[in-house]
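Given next are the chains, with one letter for each unit.
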Amino acid sequence: MHALVAALDWHLLKERIFDPNHAFAQALIRTVLIAVLAQIFGVLLGLASALFQMSRWRVLRVISYFYVLVVRGTPLIVQIFFVYYGASLLLGFDLFPRSVNFGVVSIDGVVVAGTVALAVNEGAFMSEIIRAGIGAIDRGQMEAAKSVGMSYGLAMRRIVLPQAARVIVPPLGNEFNGMIKNTSLLAFIGVYEIFLDAEQGYSVTFKPVEYFFAVSFWYLVLTTIWGLVQVQIERKLGASDRAEDEGFMQRFLGITAHSLQR
Amino acid sequence: MSSTDAPIVKAESVEKYFGRNRVLCEVSLEVRRGEVVCIIGPSGSGKTTFLRCINHLERIDGGRIEVNGHLIGYRTKDDGTLCEDSERNIALQRTEIGFVFQRFNLWPHMTALENIIEAPIRVRKVAKKEAVVQGEALLARVGLSDKRDAYPGRLSGGQQQRVAIARALAMRPALMLFDEPTSALDPEMIGEVLEVMQELAKEGMTMVVVSHEMGFAREAADRLVMMDDGVVVEEAPPAEFFSSPREPRTQQFLSKIL
């Protein structure tokens, strides 16, 4: 034990945490962007899927049902490989070319593929969360909206979804916490995010503790920042009906404890 | 109002099934402009279902309902058969019909005023300033000017129901439907809601009220309709209805509640 601790490269560990190099900084930004974009598209996909599931048209319900069944029933890593390696073959053209140019910005095809895979996966879970959230709203709310002449869409947007949001946001926060960590799986298709950065550093130096401890620290930084943001969002959403505010730390710890249980 | 006026509600032989259960059985009813009609009857008699059919919250399985001359929920196809109307048309028809729910169904994430001005702004496309002025006037009318910025969770049941009435009135409907508006209220709050309804009736609003409030029926109603088992048993003006009901089922019902 004593020998192990002594063998640590303290200088390297300190550098990885407090003074990471440029490659790491870029990987960190990439990690955050992928997580945020994948979550946004995941929520939109989930919303569409949830509305499909409540549709009166059977076709839409069936599509949504199979989407959720397949995506929730297969491993995320397999989905990532399938999207990146399989989708192009299936479609007969290169869906994710080496780099995609959007005017001034150029994005790696593999990053796009990874983000798509994460978003598609997330959509299935969000679908269930949003469906449950909408289901928690009393039917009378929609009826009252209809009785004053609102269309289904308007009633959803103005009456039902804002109320459902309060039910949806806490689990959504946990989903995003998971999303941040799941971006690490994209290392396996070659997306240069912070886990791949650590993995490559390790393979050159054979210093796993330093690299993987430091990268864990950075994941923890990201999830902790998100935890703080989530508290603020929930506080804002609950403003209209909460009699007295719980203390900030109390809520933060509550959410952290909840995340830890996962 | 002269009886020669075209009826504002014209229901003909309305049929409604829940599964195999027939809940409305050839229900016909006409309501003239300015008339107040109370529908009474034991629970399960179909009176609430019938009221919900009038603004197509329930789809009818037979017969037809017209409000203000427009067929509700259905349109006539070129070959003369009926099919369900477009969502847009149904929504448009509902703007003419105010509905007050037993459980208020105020939107909890909006203040009293926001509840009232939401539909005028979003559906009628009234300018916000104008809607606010009208909304404040309606709040004054139901005696809740001081609750303008209160969320429904902070209002008593009676206050919530009065806001709900104001919300329905904000669309300037030609007809108001009340579904047991006082049944979910504590006894001491019933009066304030009935007062608002009585005021409305006096002002000439056309109203169809499902209620167990016999006092209101006696005072404000022009006509009482007794329903039982999905059929209209008897119709009469209140004086006649209470003093000399013709049908044994009506006599039996009245003897239980009076």
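Residues numbered from 1 in each chain as written. Chains lettered and ligands numbered in written order. Predicted model: local features only at pLDDT ≥ 70, side-chain atom pairs only at ≥ 80, totals over all residues. Heavy atoms only, no water.

**Q** Sorry if this is basic, but what is going on with the interface of chain B and chain A here?
**A** One frequent convention defines the size of an interface as the accessible area lost when the parts assemble. The interface is formed by 25 residues belonging to chain B together with 25 residues belonging to chain A. When the two sides are added together, the surface that chain B and chain A hide from each other amounts to roughly 2000 Å², 55% of it contributed by carbon and sulfur. Three residues stand out in chain B for area buried against chain A, namely B:Trp107, B:His109 and B:Arg122, and they jointly supply 27% of the buried area on that side. In this assembly, chain B and chain A are joined by two salt bridges. Inspection of the region where chain B meets chain A yields seven residue pairs in polar contact (both at pLDDT 80 or more). Listing elements by their share of the side of chain B that touches chain A, those giving two or more residues are helix H2 (87-94), strand S8 (97-100) and helix H3 (112-122) of chain B. By residue class, the composition of the side of chain B that touches chain A is 13 nonpolar, four polar and eight charged. (Contact = heavy atoms within 4.5 Å. Buried area = accessible area lost by both parts, 1.4 Å probe. Salt bridge = Lys/Arg side-chain N within 4 Å of Asp/Glu carboxyl O. Polar contact = N/O pair within 3.5 Å; in protein donor to acceptor, adjacent residues only side chain to side chain. Helix = DSSP H or I, 4+ residues; strand = E, 2+ residues; numbered from the N terminus. Nonpolar A, V, L, I, M, F, W, Y, C, P; charged D, E, K, R; others polar.)

**Q** Looking at this structure, I do not really get the packing of aromatic side chains. What am I missing?
**A** The description of an aromatic ring pair rests on the distance of the ring centres and on the angle between the ring planes. Under the definition given, this model contains 12 aromatic pairs over all chains. Aromatic side chains A:Tyr202 and A:Phe206 sit 6.2 Å apart centroid to centroid with 85° between the ring planes, which places their arrangement in the edge-to-face category. Its relative accessible area of 26% is what places A:Tyr202 among the partly exposed residues. Put simply, the rings of A:Phe188, A:Phe195, A:Tyr202, A:Phe206 and A:Phe212 touch in pairs and so form one group of aromatic residues. We note B:Arg167 situated over the ring of B:Trp107; from NZ or CZ to the ring centre the distance is 4.4 Å. The ring centre of B:Phe242 lies 4.4 Å from the NZ or CZ of B:Arg218, which sits over that ring. (Phe/Tyr/Trp six-rings, centres within 6.5 Å; stacked < 30°, edge-to-face > 60°. Buried < 20%, exposed > 50% of the residue type's maximum accessible area, 1.4 Å probe, protein only. Lys NZ or Arg CZ within 6 Å of the ring centre and 35° of its normal.)

**Q** Sorry if this is basic, but what is going on with the environment of A:Gly109 here?
**A** Structurally, the position occupied by A:Gly109 is in helix H6 (residues 109-135). Placed 118 residues apart in sequence, A:Gly109 and A:Gly227 show a C-alpha to C-alpha distance of 31 Å.

**Q** Sorry, what's going on with the sheet that holds strand S5 (residues 70-71) of chain B here?
**A** Picture the strands of a sheet paired through backbone hydrogen bonds; they go either parallel or antiparallel. Residues and elements named next belong to chain B. Strands sit in the order S2-S1-S4-S5 across an open sheet of four strands; the sheet is antiparallel. Only two strands of the sheet have a single neighbouring strand rather than two, namely strand S2 (21-31) and S5. In this structure, strand S1 (residues 9-18) lies alongside strand S4 (residues 62-67), joined through five bridges in antiparallel fashion. The partner of Val9 across the bridge, within S4, is Val67. (Pairing = 2+ DSSP bridges.)

**Q** Looking at this structure, I do not really get the sheet that holds S8(B). What am I missing?
**A** All names here are of chain B. Strand order in the open sheet formed by six strands is S8-S9-S10-S3-S11-S12, and the pairing between neighbours is mixed. At either end of the open sheet lies a strand with only one pairing partner, and these are S8 and strand S12 (231-236). Each adjacent strand pair in this sheet contributes to an overall mean axis angle of 20°, direction not counted. Judged from the four bridges that link them, strand S3 (residues 36-40) and strand S11 (residues 223-228) form a sheet pairing that is parallel. The partner of Ile39 across the bridge, within S11, is Val225. Of the strands in this sheet, S8 and strand S9 (175-179) are in contact with helix H5 (residues 157-169), which crosses S8 at around 170°. Each of S3, S9 and strand S10 (207-210) touches helix H6 (residues 187-202); the most contacted strand, S10, lies at about 150° to it. (Axes fitted to C-alpha atoms, helices over the stretch in contact; angles between N-to-C directions.)

**Q** Even after reading the chapter, I still don't get the confidence of the model for chain B, so can you show me in this structure?
**A** Low-pLDDT portions of the prediction should not be read for the details of their coordinates. All names here are of chain B. Confidence in the prediction of chain B, expressed as mean pLDDT, is 92, and 98% of residues score 70 or more. No element of chain B has a lower mean pLDDT than strand S7 (residues 82-84), which averages 81, and none a higher one than H3, which averages 97. Prediction confidence for the complex, expressed as pTM and ipTM, is 0.83 and 0.92 respectively. (pLDDT = per-residue confidence, 0-100.)

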